[in-house]
Amino acid sequence: MAQVATRSGGQCECRGQCGACRSGVRCLAVNRLPHPDTGSKVVLTTAHLDHDASSGDLDNLRHFCNGCHLRYDKDFHRQNATKT
């Protein structure tokens, strides 16, 4: 996971995958600083693009701010909620 942090440079790596950011334009959220849109403190988390936590391939991992990560995973969470 350290390689993901190094690659991200402390900035959210979302480029539209979450559905809220403009496609191709990197999210401006920076770890531990106020989010540029919401003002809440940014916490970068490691997102698994294929939703498989056992996959540690760097191409499958992105550092997303908490907002982008939650939006990216919303359908996955909804599917799991209906199962449980």
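In what follows, the structure referred to is the one given above.
Because the structure is predicted, anything quoted here is derived from the model rather than measured. (Residues numbered from 1 in each chain as written. Predicted model: local features only at pLDDT ≥ 70, side-chain atom pairs only at ≥ 80, totals over all residues. Heavy atoms only, no water.)

(A) Region of interest: the side chain of S55. Its place among the elements puts S55 in the loop between strand 1 (44–48) and strand 2 (61–65). A residue is classified by how much of its surface remains accessible, and S55, at 18% relative accessible area, is buried. With sequence-adjacent residues up to four places away left out, S55 is seen in contact with H48, D50, N60 and L61. (Helix = DSSP H or I, 4+ residues; strand = E, 2+ residues; numbered from the N terminus. Buried < 20%, exposed > 50% of the residue type's maximum accessible area, 1.4 Å probe, protein only. Contact = heavy atoms within 4.5 Å.)

(B) Layout of the pairing of strand 2. Judged by how many residues are buried, strand 2 sits mostly within the fold: four of five residues are covered. With five bridges connecting them, strand 1 and strand 2 associate as antiparallel partners. Bridging across to strand 2, A47 finds its partner in R62. (Pairing = 2+ DSSP bridges.)

(C) Broad picture of the packing of aromatic side chains. Enumeration according to the criterion identifies one aromatic pair in this entry. Seen from their ring centres, F64 and Y72 are 5.6 Å apart, and the 75° between their planes marks the pair as edge-to-face. Neither F64 nor Y72 differs from the other in exposure class; each is buried. (Phe/Tyr/Trp six-rings, centres within 6.5 Å; stacked < 30°, edge-to-face > 60°.)

(D) Examining a negative patch on the surface more closely. A grouping of D50, D52, D57 and D59 is seen on the molecular surface, where their side chains present a negatively charged patch. Residue placement: D50 occurs in the loop between strand 1 and strand 2. (Patch = residues over 30% accessible without salt bridge, like charges linked within 9 Å, V, L, I, M, F, W, Y side chains within 5 Å. Areas by Shrake-Rupley, 256 points an atom, 1.4 Å probe, with all protein chains shown as cover. Salt bridge = Lys/Arg side-chain N within 4 Å of Asp/Glu carboxyl O. Lys, Arg positive; Asp, Glu negative; His and termini not counted. Charge placed at Lys NZ, Arg CZ, Asp CG, Glu CD.)

(E) Highlighting the nonpolar core. Core analysis: the largest hydrophobic core is formed by 13 residues, its most contacted members being C12, C14, C27, F64, C65 and C68. Sequence-distant contacts of C68, defined by excluding residues within four places in its chain, comprise C12, C14, C18, C21 and C27. (Core = buried A, V, L, I, M, F, W, Y, C linked by side-chain atoms within 4.5 Å.)

(F) Local environment of helix 2 (residues 66–83). Across its 18 residues, helix 2 extends 24 Å between first and last C-alpha, which sits within 8% of the 26 Å expected from 1.5 Å per residue. Within helix 2, burial applies to C68, H69, Y72 and D73. Turning to helix 2, the residues buried within the fold contact strand 1 and strand 2. (Expected span 1.5 Å × (residues − 1).)

(G) Geometry of unusual backbone geometry. One non-glycine residue, R32, lies in the positive phi region at around 70°. Residue position: R32 is located in the loop between helix 1 (2–8) and strand 1.

(H) Local environment of the state of the cysteines. Tallied over the entire structure, the rule returns zero disulfides. For the unlinked cysteine C27, the closest cysteine sulfur is that of C12, found at 3.9 Å. (Disulfide = S-S within 2.5 Å.)

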